Amino acid sequence: MRLLGPEEFQPWVGRKVRVNTVPEPTEVTLDRIELSPRLGAGLDFRQPFSLFFSSPLKVYLLDMGYEFDCGRGGPHTIVISQLPPLPNMRIYQASFN
């Protein structure tokens, strides 16, 4: 299995991404990619990074894996966790170590 890197998600930044949910798909926006420090001494296989998505408050996704697709370079199963919501939107994070 090939590990995805942050460069694969760069074209998605600022775009709506389709999430395969039940009973019907929904969309979230990939707001940013945040790089984390490398572990050094060859202990990591890729640059660690996190993806941050936002959605309207009415879109509520559980902390679990979903199939994400922006029309190219996917779909990818991505595990997300919800962060504390802002007054007008929900924020989700996916971490890749």
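See above for the structure.
Residues numbered from 1 in each chain as written. Predicted model: local features only at pLDDT ≥ 70, side-chain atom pairs only at ≥ 80, totals over all residues. Heavy atoms only, no water.

## Some thoughts on the environment of Phe-49
Moving on, step 1. Within the secondary structure layout, Phe-49 lies in strand E3 (residues 49–56).
Moving on, step 2. For Phe-49 and Ser-36, which are 13 residues apart along the polypeptide, the C-alpha to C-alpha distance reads 5.3 Å.
Moving on, step 3. Excluding residues that lie within four positions of it along the chain, Phe-49 makes contacts with Leu-4, Gly-5, Pro-6, Phe-9, Ile-33, Glu-34, Leu-35, Ser-36, Ala-94, Ser-95 and Phe-96. (Helix = DSSP H or I, 4+ residues; strand = E, 2+ residues; numbered from the N terminus. Contact = heavy atoms within 4.5 Å.)

## Section: the nonpolar core
Moving on, step 1. In terms of nonpolar packing, the biggest core is built from 21 residues, with Phe-9, Leu-51, Phe-53, Phe-68 and Ile-78 touching the most fellow members.
Moving on, step 2. Beyond its immediate chain neighbours, meaning those up to four positions away, Phe-68 contacts Trp-12, Val-17, Arg-18, Val-19, Val-28, Phe-53, Pro-75, His-76, Ile-78 and Ile-80. (Core = buried A, V, L, I, M, F, W, Y, C linked by side-chain atoms within 4.5 Å. Buried < 20%, exposed > 50% of the residue type's maximum accessible area, 1.4 Å probe, protein only.)

## Focus: the sheet that holds strand E5 (residues 76–79)
Moving on, step 1. Pairing is antiparallel in the open sheet, where seven strands are placed in the order E5-E4-E1-E2-E3-E7-E6. Bordering the open sheet on either side are E5 and strand E6 (81–86), each of which pairs with just one other strand. Sheet twist, expressed as the mean angle between neighbouring strand axes with direction ignored, is 40°.
Moving on, step 2. As judged from the six bridges shared by strand E2 (residues 26–35) and E3, these two strands associate in the antiparallel manner. The partner of Arg-32 across the bridge, within E3, is Phe-52. (Pairing = 2+ DSSP bridges. Axes fitted to C-alpha atoms, helices over the stretch in contact; angles between N-to-C directions.)

## Details of the pattern of salt bridges
Moving on, step 1. Summed over the entire model, instances satisfying the criterion amount to one salt bridge.
Moving on, step 2. Across the pair Glu-34 and Arg-32 runs a salt bridge whose closest N-O atoms are separated by 3.3 Å.
Moving on, step 3. Note on Arg-32: relative accessible area 40%, which makes it partly exposed. (Salt bridge = Lys/Arg side-chain N within 4 Å of Asp/Glu carboxyl O.)

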